[in-house]
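Descriptive analysis of the structure
Single-letter residue listing:
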Amino acid sequence: YTCTGTLPVSAFGKYYPKWTSTSATCLNDDDIPKYMLNDQGWYLSDTLRKCCERHFFWDINECMGTSNVGSEKWYADYGAMTCVKDCVGASPCGGIAKA
């Protein structure tokens, strides 16, 4: 890859961990460090969530850029008499579950 200065096709659009002293996040730009290309199965992920879960499991919320993302588990919303997911967003998300 050094000779052509291009990324392998399999790396385009993948998320990789970006370690700095001030933040812990995953990016999907064209600046993937070359050493990560040698072990794409470990360093590169298809989604931001997968990358954050693998490389920043101790602070997934910071990595994802959110304060509360929920567990993605289902819980009963007795007021609505239905089951919803512990997440923020459109249905089936029902908001962050109260502890």
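So, here's what we can say about the structure. (Residues numbered from 1 in each chain as written. Predicted model: local features only at pLDDT ≥ 70, side-chain atom pairs only at ≥ 80, totals over all residues. Heavy atoms only, no water.)

Let's talk about the state of the cysteines
To keep things clear, this is the line we draw: A pair of cysteine sulfur atoms is labelled a disulfide when the two atoms are within 2.5 Å. Only DSSP runs of H or I reaching four residues or more are called helices, and only runs of E reaching two or more are called strands; each is numbered from the N terminus. Note on classification: 1.4 Å probe, protein chains only; a residue is buried when its accessible area is under 20% of the maximum for its type, exposed when over 50%, partly exposed between these limits.
Inspection of the entire model under this criterion finds 3 disulfides. Two residues share a disulfide in this structure: C26 and C51, whose sulfurs sit 2.1 Å from each other. When the S-S torsion is -85°, as for the bridge of C26 with C51, the disulfide is left-handed. Here C26 is found in strand β2 (residues 24-27), whereas its partner C51 is found in helix α3 (residues 48-55), with 25 residues between them in sequence. Overall, the relative accessible area of 0% leaves C51 in the buried class. C52 shares a disulfide with C63; S-S distance 2.0 Å. Across the S-S bond of C52 and C63 the torsion is about -75°, and the bridge reads as left-handed. Highlighted residues: C52 in helix α3 and C63 in helix α4 (residues 60-64), separated in sequence by 11 residues.

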